[in-house]
Amino acid sequence: MNEYVDNEARKAKLVGKTVTMAHGAGGHQTSELIDMIFKAHFDNPDLTADDAAVLAPPAGKMAVSTDGFIVSPAFYPGGNIGKLSICGTVNDLSCMGAKPLYLTCAFVIEEGFPMEKLEEIAAAVPTPFHIYDEKGIRENAKAVKEAFSWNPGFREYFAVKANPNPTLIKMLGEYDCGCDCSSYTELMLSDAMGFEKDKIMFSSNVTPAAEYQLAAELGAIINLDDITHIDFLEKTLGYIPKKICCRYNPGGLFKISTDIMDNPGDAKYGMTTEQIFEAFRILKAKGAEEFGIHSFLASNTVTNDYYPVLAKTLFELAVKLQKETGVKIKFINLSGGVGIPYKPGQEGNDIRVIGEGVHKVYDEVLVPAGMGDVAIYTEMGRFMMGPYGGLVTRAIHQKHIYKEYIGCDACAVNLMRPAMYGAYHHITVMGKEDQPCDHKYDVTGSLCENNDKFAIDRMLPEVEVGDLLFIHDTGAHGFSMGYNYNGKLKSAEVLLKEDGSFEVIRRAETPKDYFATLDGTPEYEKMFGNK
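Residues numbered from 1 in each chain as written. Predicted model: local features only at pLDDT ≥ 70, side-chain atom pairs only at ≥ 80, totals over all residues. Heavy atoms only, no water.

### Observations regarding helix H8 (residues 209-218)
So, point 1. Buried within H8 are the following residues: Glu211, Tyr212, Leu214, Ala215, Ala216 and Leu218.
So, point 2. One or two steps after H8, the chain reaches Gly219, where phi turns positive at roughly 80 degrees. (Buried < 20%, exposed > 50% of the residue type's maximum accessible area, 1.4 Å probe, protein only. Helix = DSSP H or I, 4+ residues; strand = E, 2+ residues; numbered from the N terminus.)

### Considering the environment of Val429
So, point 1. Tracing the chain through its elements places Val429 in strand E20 (residues 427-429).
So, point 2. Along the sequence, Val429 and Ala395 sit 34 residues apart, while their C-alpha atoms lie 9.6 Å from each other.
So, point 3. Those residues in contact with Val429 that sit more than four places away from it in its chain are Leu460, Pro461, Val463, Asp467, Leu468 and Leu469. (Contact = heavy atoms within 4.5 Å.)

### So, the sheet that holds strand E9 (residues 178-181)
The strands making up a sheet associate through hydrogen bonds between their backbones, and the pairing can be parallel or antiparallel.
So, point 1. Spatial ordering of the closed barrel is given by E8-E9-E10-E11-E12-E15-E16-E17, a layout of eight strands whose pairing is parallel. Along the sheet, successive strands turn relative to each other by an average axial angle of 25 degrees, direction set aside.
So, point 2. Judged from the three bridges that link them, strand E8 (residues 155-159) and E9 form a sheet pairing that is parallel. Bridged to Ala159 within E9 is Asp180.
So, point 3. Each of strand E15 (290-294), strand E16 (329-333) and strand E17 (375-378) touches helix H11 (residues 306-325); the most contacted strand, E16, lies at about 155 degrees to it. (Pairing = 2+ DSSP bridges. Axes fitted to C-alpha atoms, helices over the stretch in contact; angles between N-to-C directions.)

### Things to note about the nonpolar core
So, point 1. Core analysis: the biggest nonpolar cluster contains 88 residues, and Ile276, Ile293, Tyr307, Phe315, Ile329 and Ile332 have the highest contact counts within it.
So, point 2. The element contributing the most residues to this core is H11, with nine residues.
So, point 3. With 16 residues, the next largest nonpolar core counts Cys408, Tyr441, Leu460 and Ile471 among its residues. (Core = buried A, V, L, I, M, F, W, Y, C linked by side-chain atoms within 4.5 Å.)

### Re the packing of H11 against helix H12 (residues 351-365)
So, point 1. Their axes nearest at 9 Å, the elements H11 and H12 cross at an angle of 25 degrees. Classified by the angle between their axes, H11 and H12 sit roughly parallel to one another. The chirality of how H11 crosses H12 is right-handed. Across the interface between the two elements, Tyr307, Pro308, Ala311, Lys312, Phe315, Glu316 and Val319 from H11 touch Ile354, Gly357, Val358, Val361, Tyr362 and Val365 from H12.
So, point 2. Residues of the contact of H11 with H12, tallied by class, amount to 10 nonpolar, one polar and two charged. (Parallel < 35°, antiparallel > 145°, perpendicular 65-115°, else oblique. Left-handed = near helix turned anticlockwise from the far one by under 90°. Nonpolar A, V, L, I, M, F, W, Y, C, P; charged D, E, K, R; others polar.)

### Some details on the confidence of the model for the protein chain
So, point 1. Confidence in the prediction for the protein chain averages 82 pLDDT; 76% of positions are at 70 or higher.
So, point 2. Across residues 1-42 the pLDDT falls below 50, and counting only partners more than four positions away or on other chains, this stretch makes 108 contacts in the model. (pLDDT = per-residue confidence, 0-100.)

Here's what the structure looks like:
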């Protein structure tokens with residue numbers, strides 16, 4: 001492998017090119033895959049993404065960035081590429097549900113995330129635990145910032161509800177991200193992390209007065225969910241803030257071309273078209289000077305068209321609002337909805353394509369209307385963090401009845417999405433990446449609920465008690481959706497650093513944490529005394 005890394009001639013032939021390639025069942029070691037790709041380029045150095053296939057029946061794309069060659073997927077453990085599924089576009093590698101480890105600073109080839117590393121961490125941090133990839137998070141944050149660099153006022157407001165870990169959020173702050181908050185405690189956390197004033201966006205619904213009060217004290221941008229909240233906010237604060245935002249819901253079905261993406265008409269959020277025009281007039285009369293528009297119309301979209309289509313709707317609305325109400329539109333918040341590919345073979349979003357799509361609509365709609373100074377905001381919690389986290393759990397039981405069950409030491413307390421939504425999360429059995437997936441299992445936790453299952457009828461290699469399982473894509477809405485049903489305790493969170501070391505960034509809960517709000521009761525004293 002080293003001869004490949006050090007060979008500048010080979011690097012020169014690869015830079016900027018895309019190879020369409022695949023292989024079938026069974027796996028190629030990383031070094032073998034690299035060798036295949038290099039040989040393909042030497043045989044035909046002018047290969048492009050339009051070529052149908054190079055080495056085998058097409059199943060995906062392997063991308064080569066302008067800065068280096070991407071080989072190793074973050075969170076595809078075991079040092080093995082495995083079965084190649086879809087490998088996306090430039091700067092995106094996705095194999096067996098793995099997500100990208102970006103190598104854009106140098107021509108470096110790595111072997112992946114070896115099982116030995118997970119076992120090392122598990123020896124120090126008992127399973128289950130969530131683990132996050134610092135390098136992946138940073139590279140993605142950089143890519144988002146670059147994708148919207150055409151807009152001087154752009155800011156990503158990370159949705160704190162997606163992952164409220166201060167170590168991770170402060171990391172995003174280094175790339176000028178702000179915080180999107182929806183509750184009192186999220187506001188408290190954002191303030192404690194050092195985010196100030198308009199670096200905090202407060203978007204809530206059915207909002208208590210105390211939350212509006214704290215948001216105003218912190219100088220956060222308040223995003224009103226309903227027209228009736230105007231009077232409620234004024235009575236709470238005694239005034240209307242100079243900068244204010246309103247959430248818009250156009251109703252009906254939200255479509256991209258002929259595809260129905262979601263049904264805003266069934267959503268409890270936002271104001272109707274008539275209400276937002278009236279709201280802006282009222283707010284202006286009450287002293288508001290700078291206005292923003294916010295809208296969230298679809299969740300976890302895996303298409304590069306979602307933001308541009310949403311942007312066109314909001315940009316056209318903004319032009320009409322400014323013209324008909326006389327307000328000054330300062331920003332348009334596209335909110336979240338940009339999703340990630342949870343399943344192998346599903347092609348992910350390309351944030352650079354998305355950014356350019358929004359840019360195009362911006363130039364077509366806002367610039368001719370004299371609104372070329374409007375800032376663009378986003379709130380991409382899932383896209384910013386989801387692919388860069390995984391849940392590590394150990395198989396502790398097997399059950400053989402009408403179905404085959406694998407029981408884990410993690411449960412829905414640690415990852416609720418499969419139980420709540422039936423959401424798919426890919427599972428890797430550590431150390432068995434090359435073995436055939438010829439066993440059908442339900443992978444379960446220990447809650448007294450039959451929906452406490454990470455996978456149903458999932459084909460996996462044979463799982464034995466003691467095996468480590470890696471559940472992919474838990475970086476957003478994973479730990480944060482946890483709860484304490486059955487008296488289960490929340491897990492630790494671990495950061496895999498860029499230098500290969502690791503750090504516990506949240507300890508696991510203890511029984512004392514669980515019973516803390518019973519302090520002062522005789523039961524608490526009996527359990528813990530003065531400890």
